[in-house]
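# Structural overview
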Amino acid sequence: MRRAYLWVCMAIGLAVSDEARAQVATDVVELSRPTWAARFAVETVTSTPLVGIAVALPTGSGADPADRPGAGRLAAESVGEAVERRIGRGHAEARVDLGPDRATLVFLVRPERASELLEVLGEVGFGEGPGAEAIRAAQARHADALRFQQDSPLHDVGVERRALLYGNGDPRTRRPEGTLASVEGMSEGDVEAARRALFVRGDARVVAVGRAQSAAPSMAGAADAADGPTAGPAWSAADRRAVNREVTNTWITVGFPVPEGLSRIALLFVADRMSQELNASPPDPGLFDASVSVVQTSAGEIVLVEAAVLPESADGFESRILALPQRLASQRDPAFFRFHRGRFRSTRLVAEAPPEEAAARRAIDLLVRGEIFDFEEAVWTLDAQIAAEAALSLGPPRVLVFGPDLGGSDR
């Protein structure tokens, strides 16, 4: 709703006069590389009236103190809150995504305020801090969300899923959002300490997409020594874990490790095809929801399949997910492939049409791989043979089944 409100406010602002509309239609603002950023890139898109700005940072919830889970998330939300307040509601909107390995702050802003936003972000994120008022506001909002969700089994599912990927006892298995008790109990000093650990000058990769252009040559070209693709594969042996809980659904997670050097476009295509296979139309009986994503960790990339199903359908869906690589590898008909490649391309382009979404993907590319992936160019290099071999190359899966024990086991 906040984003809808922002768009309405912007629409009202842009409708003030014909002169104002003409100015917005022709002006492209210049953005300079922030002094606190390690890398900076701008992609000019004149078909949008706004600018999306994304900041990717190499620190995630794994760095939270053991007794203060959620500190990093609260610190990032406090920074986003402070930026919104300084720029003005209806002129900019912030979104925070903090995972186990990294954090991303995404902003949607009017072009004429984009340069100011970068300056303010430098002050409240990498300088003086967001201030007590912004911290209290973010803390209250985040606590309200956790209070509403506190009885949800999804929190426990998330902990077990991260243990499957990172190993039991790894700090990254803790809840990135924290707990209600930890968030409500945090002092301003706790949040400030987390903010200083997260927002380190020289760590940030920053990308702007929209009605903007770079005021200087781009800093996003060749990768520096600290950047580049992650190693792989993330693991070499299969694993299966069953966690029995008296809940109404069963959640299935399957992770396939990605071999080092696999074509990026082929990997994304395989993940997209897995999603299409699971999300049939009409939906399959017993399936509530299914998603497929590519997760980037320090150990390597993972194709992660997540599904919520009826407990009595769990065995069938687990087998179906595990069979996906072989099923996709058998689909080598050129005409069939071209249809799905076109669908894949369209879906991806629509998903990245909002400038803030395009900026977020590019900022993470810079952080993880050291360069921005040119999807539109790469997609035409993909053929049926490459896609089939990519599916077959996925490594031994790790499986988590979280749900009720229909067999009566005490495990």
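Here is what the cut-offs are and how they apply
- Residues numbered from 1 in each chain as written.
- Predicted model: local features only at pLDDT ≥ 70, side-chain atom pairs only at ≥ 80, totals over all residues.
- Heavy atoms only, no water.
- Helix = DSSP H or I, 4+ residues; strand = E, 2+ residues; numbered from the N terminus.
- Buried < 20%, exposed > 50% of the residue type's maximum accessible area, 1.4 Å probe, protein only.
- Contact = heavy atoms within 4.5 Å.
- Areas by Shrake-Rupley, 256 points an atom, 1.4 Å probe, with all protein chains shown as cover.
- Pairing = 2+ DSSP bridges.
- Axes fitted to C-alpha atoms, helices over the stretch in contact; angles between N-to-C directions.
- Parallel < 35°, antiparallel > 145°, perpendicular 65-115°, else oblique.
- Nonpolar A, V, L, I, M, F, W, Y, C, P; charged D, E, K, R; others polar.
- Left-handed = near helix turned anticlockwise from the far one by under 90°.
- Salt bridge = Lys/Arg side-chain N within 4 Å of Asp/Glu carboxyl O.
- Arc of directions from axis to C-beta.
- Phe/Tyr/Trp six-rings, centres within 6.5 Å; stacked < 30°, edge-to-face > 60°.

Right, let's talk about the overall build of the chain for a bit. Broken down by element type, the chain carries 15 helices and 12 strands. Expressed as a percentage of the 411 residues in the chain, the buried residues total 52%. The long-range share in the chain, meaning contacts at least 24 apart out of those at least 6 apart in sequence, stands at 84%. Surface exposure of the chain reaches about 18200 Å², of which carbon and sulfur atoms provide 53%.

So, about the sheet that holds strand β3 (residues 51-57). Read across the sheet, five strands follow the order β2-β6-β3-β5-β4 without closing on themselves; strand pairing throughout is mixed. The open sheet has two free edges, formed respectively by β2 (37-44) and β4 (92-98), since each of these has just one partner strand. The average angle at which neighbouring strand axes cross in this sheet is 15 degrees, direction not considered. Two strands pair when backbone bridges link them, and β3 and strand β6 (residues 204-210) are joined in this way by six bridges, in the antiparallel orientation. Looking at β6, one finds that G52 is bridged to V209.

Within β6, seven of the seven residues are buried, which leaves the element mostly enclosed by the surrounding structure. Alternating positions in β6 separate into two faces, A204, V206, A208 and G210 on one and R205, V207 and V209 on the other, with burial throughout. Bridging between β2 and β6 involves seven bridges; their strand directions are parallel. Opposite R39, over in β6, you have R205 as the bridge partner.

Moving on, we come to the sheet that holds strand β11 (residues 300-309). With mixed pairing, the five strands of this open sheet are ordered in space as β8-β12-β9-β11-β10. The open sheet terminates on both sides in strands that have one partner only, identified here as β8 (239-244) and β10 (287-297). The mean inter-strand angle of the sheet, taken between neighbouring strand axes irrespective of direction, is 10 degrees. Bridge count between β8 and strand β12 (residues 398-403): six bridges; the pairing is parallel. Along β12, the bridge assignment pairs N244 with G403. Against the sheet, helix α10 (residues 314-322) touches β8, β9 (250-257), β10, β11 and β12, its axis set at about 15 degrees to β9.

At a minimum axis distance of 8 Å, the contact between helix α3 (residues 71-87) and helix α8 (residues 188-198) shows a crossing angle of 85 degrees. Compared by their axis directions, α3 and α8 come out roughly perpendicular. Along the contact surface, α3 presents A71, G72, L74, A75, A76, S78 and V79, while α8 presents V191, A194, R195 and L198. Partitioned by chemical class, the residues of the contact of α3 with α8 number eight nonpolar, two polar and one charged.

With that settled, consider the packing of α3 against helix α5 (residues 132-149). Running from amino to carboxyl end, α3 crosses α5 at an angle of 120 degrees, the nearest separation of the two axes being 8 Å. In terms of orientation, α3 lies oblique with respect to α5. The two elements α3 and α5 cross, and the hand of that crossing is right-handed. Where α3 abuts α5, its residues R73, L74, E77, S78, E81, A82 and R85 lie against E133, A134, I135, A137, A138, Q139, R141 and H142.

Applying the stated criterion across every chain yields a total of 34 salt bridges. The salt bridge involving E128 is made with R86; its shortest N-O contact spans 3.8 Å. Here E128 is found in the loop between α4 (114-126) and α5, whereas its partner R86 is found in helix α3, with 42 residues between them in sequence. You can call E128 exposed: its relative accessible area is 59%. Here R345 ties to E376 by a salt bridge, and the two come within 2.6 Å at their closest N and O atoms. In this pair, R345 is assigned in helix α12 (residues 334-351) and E376 in helix α14 (residues 375-378), connecting sequence segments 31 residues apart. By relative accessible area, which is 23% here, R345 ends up partly exposed. A residue is classified by how much of its surface remains accessible, and E376, at 32% relative accessible area, is partly exposed.

Take unusual backbone geometry next. Following S281, the chain continues into P282 via a peptide bond in cis, with omega recorded as 0 degrees. For P282, the location among the structural elements is in the loop between α9 (264-278) and β10.

Let us now look at α8. Every buried residue of α8 is accounted for by V191, E192, A194, R195 and L198. Along the axis of α8, the buried residues cluster in a sector spanning 165 degrees; they form a single face. Considering only its buried residues, α8 is in contact with β3, α3, β4, β5 (103-109), α4 and α5.

Once that is clear, we can look at the environment of A271. Mapping A271 onto the fold places it in helix α9. Judged by its relative accessible area of 7%, A271 is buried. Sequence separation between A271 and S293 is 22 residues; the distance between their C-alpha atoms is 6.4 Å. Beyond its immediate sequence surroundings of up to four residues, A271 is in contact with V292 and V294.

Moving on, we get to the packing of aromatic side chains. This model, assessed by the stated rule, comprises six aromatic pairs. Plain terms: the ring middles of W36 and F126 are 4.5 Å apart, the flat faces sit at 15 degrees to each other, and that makes the pair stacked. One end of the pair, W36, is in the loop between β1 (29-31) and β2; the other, F126, is in helix α4, with 90 residues separating them in the sequence. Accessibility expressed as a relative area gives 4% for W36, which makes it buried. For the ring pair F126 and F199, a centre distance of 5.4 Å and an interplane angle of 80 degrees mean the geometry is edge-to-face. In this pair, F126 is assigned in helix α4 and F199 in the loop between α8 and β6, connecting sequence segments 73 residues apart. On the basis of relative accessibility, which here comes to 8%, the residue F126 falls in the buried class. F199 sits in the buried class, given a relative accessible area of 4%.

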